[in-house]
Every structure is written in C-alpha cells, then in structure tokens.
Amino acid sequence: MMALKVKRIEMGTVLDHLPPGTAPKIMRILDIDPTETTLLVAINVESSKMGRKDILKIEGKILSEEEANKVALVAPNATVNIVRDYSVAEKFQVKPPERVEGFLRCPNPNCITNDEREPVNTVFIRESREPLEYRCRYCERTVREDHIRELIRPS
Ligand SMILES: [Zn+2]
C-alpha cells in the first residue's frame, strides 16, 4: 500500500481523524476562507484506525483550543496537532463546546433565528455529552448528534 505523502508544513494546524467527507464542513465551522488560506485537504483517504478519514492541514494558522473544539460537532474523535518549526509542538483531542454560536441553523422554522426579516444569530447550549445534544437558547428546540451535520449553514 502506498502511504499518502503530503508536504510538511512549517507552522499551522493539522486536524486528523476526521470522518470521511467532513473536511468541507469543518472549513465552514472554522470560517476558513480558501482564497486567503493555504490548505492541504485529504478527503476519504485510507486510515488504519478508521478505515477512511479526512485530514485538513491549515498552513500559517494556529487554532486555539476553543476554536478547534468546534470541530467536535462533526468529528468527535478528531486530533489536533499544532505545528511549529516543522514539528508537532502540541497535540490534543477535541471536546464538544458548551456553547455554539452562529454556524448552526435552528431546525424550528418559527424560531426567531429563522426570521427572514430580522434574523438573530443562533446560540446553542450543550445539554448532554452522551449522546451529544444542544438546546436553542431562543426556542428551546434540541438538536442531537446525528442531526448536527445537516444543520451547519452553508457559507
Ligand atoms: Zn431555535
């Protein structure tokens, strides 16, 4: 089997063990503008641990733990590698954030956050970790782990 070889980055963040096909959603969650950022994206590559996975390397940007934790919404087993001087300086697992603001859509059509005239930014508060569940701060509607991916707003 051929190993996937991707250029090493000097400084930046590598997100590994992402479920296959989630890299574009993660770019959206992290608000990454591909016209302004150097990215190496591997989609649906072989993984000994997961069968298939995505990898996202963001060059020149060190994600904070808070930023990286948002990734847990679609990739609960993601690992984050912070790279400095071509080597991994820090490595951690993501944890689902307590509060999620902005990029999730509320599934309740009558929610104030879906008001076309004056939409309010969504705010979801974590209710439970197992299973992962969030509650809309405005209308109390809850969203579950298996539903979250579909609720990510397109950019
Ligand atoms: Zn709502």
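Residues numbered from 1 in each chain as written. Predicted model: local features only at pLDDT ≥ 70, side-chain atom pairs only at ≥ 80, totals over all residues. Heavy atoms only, no water.

## Here we look at the coordination of the zinc ion
Taken together, Cys106 (SG), Cys111 (SG), Cys136 (SG) and Cys139 (SG) make up the protein donors of the zinc ion, found 2.3 Å from the metal. Here the zinc ion is ringed by four donor atoms whose angles at the metal span 100 to 116 degrees, and the overall shape comes out tetrahedral. Counting along the primary sequence, the residues that act as donors to the zinc ion give the motif C-x4-C-x24-C-x2-C. A residue pair is termed long-range when its members are at least 10 positions apart, and Cys111 in the loop between strand E6 (99-101) and strand E7 (123-129) and Cys139 in the loop between strand E8 (132-136) and strand E9 (142-144) qualify at 28 residues. Exposure remark for Cys139: the relative accessible area of 23% places this residue in the partly exposed category. (Donors = N, O, S within 2.8 Å, 3.2 Å for Na, K, Ca; no water. Tetrahedral: all angles 85-135°; square planar, octahedral: opposite > 155°, others 65-115°. Helix = DSSP H or I, 4+ residues; strand = E, 2+ residues; numbered from the N terminus. Buried < 20%, exposed > 50% of the residue type's maximum accessible area, 1.4 Å probe, protein only.)

## Quick word on the environment of Pro97
Inspection of the secondary structure assignment puts Pro97 in the loop between strand E5 (87-93) and E6. Dropping the residues within four chain positions of it, Pro97 is found in contact with Asn69, Lys70, Arg126 and Tyr134. (Contact = heavy atoms within 4.5 Å.)

## Quick notes on the environment of Asn69
Relative to the helices and strands, Asn69 resides in helix H2 (residues 65-69). Along the primary structure Asn69 and Phe92 are separated by 23 residues, whereas in three dimensions their C-alpha atoms are 9.9 Å apart. When sequence neighbours within four positions are dropped, the list of residues in contact with Asn69 reads Gln93, Val94, Lys95, Pro96 and Pro97. Polar side-chain contacts of Asn69 include one of 2.9 Å to the backbone nitrogen of Lys95. (Polar contact = N/O pair within 3.5 Å; in protein donor to acceptor, adjacent residues only side chain to side chain.)

## Quick word on the pattern of salt bridges
Between side chains of opposite charge, a pair can form as their charged atoms come close. Using the criterion set out here, one finds seven salt bridges in the structure. Across the pair Lys95 and Glu65 runs a salt bridge, and its minimum N-O distance is 3.4 Å. Of the two residues, Lys95 sits in the loop between E5 and E6 while Glu65 sits in helix H2, which places them 30 residues apart along the sequence. For Glu65, a relative accessible area of 37% gives the class partly exposed. Linking Arg135 and Glu127 is a salt bridge whose minimum nitrogen-to-oxygen distance equals 3.3 Å. When its relative accessible area of 26% is taken as the criterion, Arg135 is described as partly exposed. The class for Glu127 is partly exposed, based on a relative accessible area of 42%. (Salt bridge = Lys/Arg side-chain N within 4 Å of Asp/Glu carboxyl O.)

## Notes on the environment of Arg149
Tracing the backbone through its elements, the reader meets Arg149 in the segment after helix H3 (145-148). What makes Arg149 partly exposed here is its relative accessible area of 36%. When neighbours within four sequence positions are excluded, Arg149 is seen to be in contact with Pro19, Thr22, Lys25 and Val74.

## Notes on the sheet that holds E8
Across the sheet, four strands lie side by side as E6-E7-E8-E9; this open sheet has antiparallel pairing. Single-partner strands in this sheet number two, and they are E6 and E9. Taken over all neighbouring pairs, the strand axes of this sheet differ in orientation by 30 degrees on average, direction set aside. Looking at chain direction, E7 and E8 are connected through five bridges and run antiparallel. Paired with Phe124 across the bridge in E8 is Cys136. (Pairing = 2+ DSSP bridges. Axes fitted to C-alpha atoms, helices over the stretch in contact; angles between N-to-C directions.)

## Quick notes on the side chain of Ser47
Its place among the elements puts Ser47 in strand E2 (residues 38-47). A relative accessible area of 12% places Ser47 in the buried class. Only 3.2 Å separates the side chain of Ser47 from the backbone nitrogen of Lys49, close enough to count as a polar contact. A polar atom in the side chain of Ser47 sits 2.9 Å from the backbone nitrogen of Met50. Setting aside anything within four residues of it in sequence, one finds Ser47 in contact with Arg52 and Lys53.

These figures capture arrangement, not role.
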